[in-house]
Amino acid sequence: MEITAVEPVHLRVPIVDAIPDGTLDVLVVLIHTDEGITGIGEVTSQSYVCKACFDAPRSAARRHGLTSILLGEDPLDIERLWQKMYYETNRYGRRGAAIHAISGADIALWDIVGKHQGRPVYELLGGAHRTTVRAYASVLFGDTPDDTAALAREFVDMGLTAAKFGWGPFGQDADTDVAHVQAARKVLGDTRELMVDAGHAWQIETAIERAKLLAPFNIAWLEEPLSQDDRKGYAQLCRNSPVPIAAGEGDVTHWDFEDLIDRGLHVVQPDVAFCGGLTVCRRVSEMCQANDRRAVPHCFSTGINLAASLHWMASIPDGDLVEYCLRPSPLMRKLVKNLPPLIDGRVPVPDGPGLGIELDEDVIEQFRVR
Ligand code: MG
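Just so we're clear, the structure is a prediction, and the values are computed from it rather than from any experiment.

### Quick notes on the coordination of the magnesium ion
1) Next: The protein atoms that coordinate the magnesium ion are Asp197 (OD), Glu223 (OE) and Glu249 (OE), at distances spanning 2.0 to 2.3 Å.
2) Next: When the donors of the magnesium ion are listed by position in the chain, the intervening gaps give D-x25-E-x25-E. Separated by 26 residues along the polypeptide, aspartate 197 in strand S6 (residues 193-197) and glutamate 223 in strand S7 (residues 221-223) bring together distant segments of the chain. The exposure classification of aspartate 197 matches that of glutamate 223, with both residues buried.

Spelled out as structure tokens, the structure:
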């Protein structure tokens, strides 16, 4: 089989507010082949920049555009193509937009291989450990503890068994933080998981103090308490925290995650449409299994990212958790025609060939940036 065209499709809703919402402006990647199979992928990053990473023409060595690297190649040769994309972009890539863009191509290649073999991607990644994955929803903390409690109530009523609260008023002072977490825990009860995303709020000393203060509320993990670049801080925190520490939504390549695991992170959170794709995620979960850590996907964009994350989680023994985005954007709700639904707190893993998803051409037409 041969790649005949690579089509980065930029989709954007009319009004994109500067809020932490990855469902407003996305880059879909379609890879076409001479056998009529088209692979679907997604990039969740700066869409204009990542589209340019595909469209850029060939240049001097190791600074080519991704489309020129992929054209004419055999799409079934995923591992070699990942290495080729990474190496031939490394003068401008390695850790920025180029690796985010590679994620979209890599997901599309896995989709092609699955469609070609008539098998779902989770089988290619290592087999089926489950047919549904438990979902957690994430939301900003409410303005007041009562507001946070009301949000927790909505999650309980939806049937969710795990919820994450973050950012907003959290992180400013200890009493406020405890009041919000206490309010959420009270509504969620003892049986549901509660996660807290601190949104890079603290320096190391405060992070250790707060982790100890929050420990009585039995939180499943404390996410990104420190700056993403404070690697020494994370190592110190992981040694001293009574609650599991999570990070990694901003990290890319298996080398970054190897570093986080070496520094003691308990939970790592690659975003498959950002970190380098399913090829990277598979390596990360192998490292997690070898080191007794947990990988849980960061997933807050379209149903393409959700489907890829579900396949990944279905393929690993302890993969029973996925982030489920509840934002109302049509790029989340409608782009994938057969969007995996939330049913009693769980999400079915698509079982058609490849990713098992179908895109809505009308949605693409309506939101395409030209
Ligand atoms: Mg986060």
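From this point, the discussion proceeds with the structure in view.
### Notes on the packing of helix H6 (residues 145-157) against helix H7 (residues 174-188)
1) Next: One way to put it is that H6 packs onto H7 with a least axis distance of 8 Å and a crossing angle of 30°. What the angle tells us is that H6 and H7 run roughly parallel. Handedness of the H6/H7 crossing: right-handed. The residues of H7 that touch H6, namely those facing Pro145, Thr148, Ala149, Ala152, Arg153 and Val156, are Ala179, His180, Ala183, Ala184, Val187 and Leu188.
2) Next: Split into classes, the residues belonging to the contact of H6 with H7 amount to nine nonpolar, two polar and one charged.

### Comments concerning H6
At 3.6 residues per turn, the α-helix brings residues three or four places apart onto the same side.
1) Next: Its 13 residues place the ends of H6 18 Å apart at the C-alpha level, agreeing with the 18 Å of an ideal helix rising 1.5 Å per residue.
2) Next: Taken residue by residue, H6 has Thr148, Ala149, Leu151, Ala152, Phe155 and Val156 as its buried positions. End-on, the buried residues of H6 take up no more than an arc of 160°, which puts them together on one face. Exposed residues lying more than 90 degrees from the buried face of H6 are Asp146 and Asp157.
3) Next: Where H6 is buried, its residues meet strand S4 (132-140), strand S5 (162-166) and H7.
4) Next: Phi turns positive, to about 90°, at glycine 159, one or two residues after H6.

Calculation rules
- Residues numbered from 1 in each chain as written.
- Predicted model: local features only at pLDDT ≥ 70, side-chain atom pairs only at ≥ 80, totals over all residues.
- Heavy atoms only, no water.
- Donors = N, O, S within 2.8 Å, 3.2 Å for Na, K, Ca; no water.
- Helix = DSSP H or I, 4+ residues; strand = E, 2+ residues; numbered from the N terminus.
- Buried < 20%, exposed > 50% of the residue type's maximum accessible area, 1.4 Å probe, protein only.
- Axes fitted to C-alpha atoms, helices over the stretch in contact; angles between N-to-C directions.
- Parallel < 35°, antiparallel > 145°, perpendicular 65-115°, else oblique.
- Left-handed = near helix turned anticlockwise from the far one by under 90°.
- Contact = heavy atoms within 4.5 Å.
- Nonpolar A, V, L, I, M, F, W, Y, C, P; charged D, E, K, R; others polar.
- Expected span 1.5 Å × (residues − 1).
- Arc of directions from axis to C-beta.

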